[in-house]
Amino acid sequence: MTTMIQTAPAVIKTDSLTRSLKVEQLTCSIGAEVRNVSLAAAARDAGLAAEIRALLLAHKVLFFRDQDIERSDHVAFSRHFGELEDHPMTGSDPDHPGLIRIYKSPEAPADRYENAWHCDATWREKPPMAAVLRCVACPPVGGDTMWANMALAYEKLPAQVQEQIAELHARHSIEASFGAAMPIEKRHALHAQFPDAEHPVVRTHPETGEKVLFVNAFTTHFTDFHITRHVRYGQDMTHGGSELLRYLQSQAFIPEYQVRFRWQLNSVAMWDNRCTQHYAVMDYPPCHRRMERATIVGDAPF
Ligand code: SIN
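Numbering of residues starts from 1 in each chain and follows the order in which that chain's sequence is written. Owing to the predicted nature of the model, reporting of local features is limited to residues with pLDDT of at least 70; listing and counting of side-chain atom pairs is limited to 80 or more, with chain, interface and lining totals taken over all residues. By convention in this description, side-chain values take in all heavy atoms of the structure and omit both hydrogens and water.

Draft legend 1. Region of interest: the pairing of strand β3 (residues 32-35). Strands are labelled as partners when DSSP assigns at least two bridges between them. By the criteria applied, helices consist of DSSP H or I runs no shorter than four residues and strands consist of E runs no shorter than two, each listed in order from the N terminus. Both strand β2 (residues 20-25) and β3 contribute to a ladder of four bridges, which runs antiparallel. Bridge pairing in β3 places Q25 opposite A32. Examined bridge by bridge, β3 and strand β4 (residues 61-64) share two bridges and lie parallel to one another. Pairing of E33 across the sheet is with F63, part of β4.

As structure tokens, then:
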């Protein structure tokens, strides 16, 4: 069972005598804003980073305003949680490997395509455990990001669906997502470098023990749906398997599982990529939106 978190703002004392984090929950399902903290200070303070980790496990996505920090501090803060990884489709800051640039500009309209509900990089055998995203240029209006609580999405599934998906596995593909618009040779090269990964449809969060619905926009199909319990004839496999997958993927769209964040310059969001999905809304006029993301290496889902 996912435990509903409290509604009252909490104050968490850190090991510093002069500092206390202020935490305001943003919805009953997911997300909290953390105030009275500098991530540059947290970059140098393992105790403070541990407090933030505990808050991340409780709220799944944390928001911080006014973090006018150095890129080196963004990296150092994120490194408290693990190694960082680059992304094959998105360049990183040349001076700060692991800090990927998600830059949109009016000059590159072909690059406007934004997003689908997803967890980051589940096409890896070991998808990231978390990410820390900072806004370095903000559109005047629009460009929010939304997150969904996928432990809650699992908990709220009808019992017979939970039972049906308990043992299932699914394929996750960079080729079928980022590769889909590429010429065939490039697409095959991408697939050779990053073969599809197979993950349980229901994963267990390694720290909280929560069960999480773990299919998203990178998921192409179930790999072991074809057993007599599910499939009487071939029709059941094509229709039953893909309809069930689409239904599961659509659970992230349910507003009651979501939080939506309005970015400002130097706002930061940190999310637990093991139990959330996110969606960057492409509703801003042609203008700059520049985000920088540290992505923290994770474990193989089980
Ligand atoms: C991402 O998908 O990690 C980027 C989200 C955003 O740009 O808001």
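Draft legend 2. Spatial organisation of the site of the ligand. Note on definitions. A residue lies near a molecule or strand when any single heavy atom of the residue is within 4 Å of it. Near the ligand you find I102, N115, H118, D120, L133, T145, W271, H278, A280, R289, M291 and R293, and these make up its full shell. Between the ligand and T145, the relevant distance is 2.5 Å, taken from an oxygen atom to a side-chain nitrogen or oxygen of the residue. Per element, the largest residue contribution to the shell around the ligand is three residues, and it comes from strand β16 (residues 289-296). Nonpolar residues are Ala, Val, Leu, Ile, Met, Phe, Trp, Tyr, Cys and Pro. Charged residues are Asp, Glu, Lys and Arg, and all others, Gly as well, are polar. Its residues assigned to classes, the shell around the ligand shows five nonpolar, four polar and three charged. Think of a polar contact as two N or O atoms within 3.5 Å of one another; within protein, one of them needs to be a possible hydrogen donor and the other a possible acceptor, and neighboring residues in sequence only count if both atoms come from side chains.

Draft legend 3. Broad picture of unusual backbone geometry. Here the phi dihedral of K60 falls at roughly 75°; this positive angle occurs in a residue that is not glycine. Counting through the fold element by element, K60 comes out in the loop between α2 (46-59) and β4. Phi is positive for N266, close to 70°, though the residue is something other than glycine. With respect to the helices, strands and loops of the structure, N266 is situated in the loop between β13 (258-261) and β14 (268-272). Owing to a relative accessible area of 11%, N266 belongs among the buried residues under this scheme. Throughout, exposure labels follow a simple rule: accessible area from a 1.4 Å probe, protein chains only, divided by the maximum for the residue type, with under 20% read as buried, over 50% as exposed, and the rest as partly exposed.

Draft legend 4. Summary view of the sheet that holds strand β15 (residues 276-280). If you trace the three strands from one edge of the open sheet to the other, you get β13-β7-β15, paired in antiparallel fashion. Looking at strand neighbours, the two that pair on one side only are β13 and β15, the edges of this open sheet. Across the sheet, the mean angle separating the axes of adjacent strands is 20° when strand polarity is ignored. Both strand β7 (residues 145-149) and β13 contribute to a ladder of four bridges, which runs antiparallel. Counterpart to W147 in the pairing with β13 is V259. Only the contacting stretch of a helix is used when fitting its axis, a line to C-alpha atoms as for every element, and angles between N-to-C directions run 0 to 180 degrees.

Draft legend 5. Quick look at the packing of aromatic side chains. In this analysis, rings of Phe, Tyr and Trp, with Trp reduced to its six-membered ring, are considered paired at centre separations within 6.5 Å, and the interplanar angle assigns stacked below 30 degrees, edge-to-face beyond 60, and tilted for intermediate values. The final tally for this structure, using the stated rule, is ten aromatic pairs. Ring geometry for F77 versus F81: centroids 5.3 Å apart, planes at 70°, classification edge-to-face. A centroid spacing of 5.0 Å and a plane angle of 80° characterise the contact between F261 and W263, whose relative ring orientation is edge-to-face. Just as F261 is buried, W263 falls in that class too.

Spatial relationships are all this shows, so hold off on functional conclusions.
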